[in-house]
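Structure assessment
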Amino acid sequence: MLDEPIRILVAALFCWFNFMTIDLIFRLPERGGVSGATAIAQEIEKGGGNLNGGYMMGNIVSSPDASAGTLLASCGVYCAGLPGGLFAALLVYIGNRICYDPGYAGTTGCITATFIVYGAVQSGWFAASDFIAGMVIAILTIQGLSSVYASRLIARLWKIRCRLLRGCV
């Protein structure tokens with residue numbers, strides 16, 4: 001009975017690393033890419049948070065990013081296996097276009113999550129529902145607990161990404 005909470009926590013870690021990595025690769029902390037993202041970032045900064053972390057948080061709220069993609073991929077795999085996850089990626093792509101999002105972080109995150117979740121389910125160690133619950137926990141760590149501390153964490157990760165790839169704002 002105790003194995004299910006452990007599976008959910010491990011799935012949350014997989015989800016968190018997937019969506020954070022994709023969003024950092026696609027430079028979400030660099031600037032507000034969609035309508036509303038900059039306003040959210042500025043409010044987070046006024047509250048004591050970091051502007052770059054706020055940009056990423058604003059982009060997450062304003063358009064389907066890799067976190068939304070990861071959650072929808074988990075739901076898609078739960079409902080229909082691999083085709084369900086790929087259909088979720090199509091829906092995220094459409095959602096990005098509706099939001100006039102110029103990037104592909106959400107679609108990429110959904111595709112990578114589809115294969116992560118499907119592979120984990122096929123291994124027999126996880127259920128797709130573990131990833132649905134895990135992704136809710138992962139999103140909560142970035143959007144729900146503390147915008148100030150989450151924005152600072154994102155800013156630290158952004159600086160690491162910039163050092164590794166030698167160049168950012």
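So, a few notes on the structure that sits alongside this text. (Residues numbered from 1 in each chain as written. Predicted model: local features only at pLDDT ≥ 70, side-chain atom pairs only at ≥ 80, totals over all residues. Heavy atoms only, no water.)

A contiguous patch of positive charge on the surface is contributed by Arg 152, Arg 156, Lys 159 and Arg 163. Structurally, the position occupied by Arg 163 is in helix α7 (residues 147-165). (Patch = residues over 30% accessible without salt bridge, like charges linked within 9 Å, V, L, I, M, F, W, Y side chains within 5 Å. Areas by Shrake-Rupley, 256 points an atom, 1.4 Å probe, with all protein chains shown as cover. Salt bridge = Lys/Arg side-chain N within 4 Å of Asp/Glu carboxyl O. Lys, Arg positive; Asp, Glu negative; His and termini not counted. Charge placed at Lys NZ, Arg CZ, Asp CG, Glu CD. Helix = DSSP H or I, 4+ residues; strand = E, 2+ residues; numbered from the N terminus.)

Tracing the sequence through the fold places Asn 96 in helix α4 (residues 66-98). The contacts of Asn 96, once residues within four sequence positions are left out, are Ser 63, Pro 64, Asp 101, Gly 103, Gly 106 and Thr 107. (Contact = heavy atoms within 4.5 Å.)

Overall, the coordinates contain zero disulfides when judged by the stated rule. Of all cysteine sulfurs, the one in Cys 75 lies closest to Cys 15, which takes part in no disulfide; the gap is 10 Å. Unpaired in this structure, Cys 110 has its nearest cysteine sulfur neighbour in Cys 75, at a distance of 9.7 Å. Residue classification places Cys 110 among the buried positions, given a relative accessible area of 0%. (Disulfide = S-S within 2.5 Å. Buried < 20%, exposed > 50% of the residue type's maximum accessible area, 1.4 Å probe, protein only.)

Counted by the stated rule, this structure contains four salt bridges. Across the pair Arg 7 and Asp 130 runs a salt bridge whose closest N-O atoms are separated by 2.7 Å. Of the two residues, Arg 7 sits in helix α1 (residues 3-25) while Asp 130 sits in helix α6 (residues 128-144), which places them 123 residues apart along the sequence. Salt-bridge contacts for Lys 46 lead to Glu 43; the nearest nitrogen and oxygen are separated by 3.3 Å. One end of the pair is Lys 46 and the other is Glu 43, both in helix α2 (residues 37-46) and three residues apart, which spans about a single turn. Glu 43 carries the same exposure label as Lys 46, and that label is exposed. In this structure, a network of salt bridges that share partners links the residues Asp 3, Arg 7 and Asp 130.

Read these as geometric descriptors, not functional statements.
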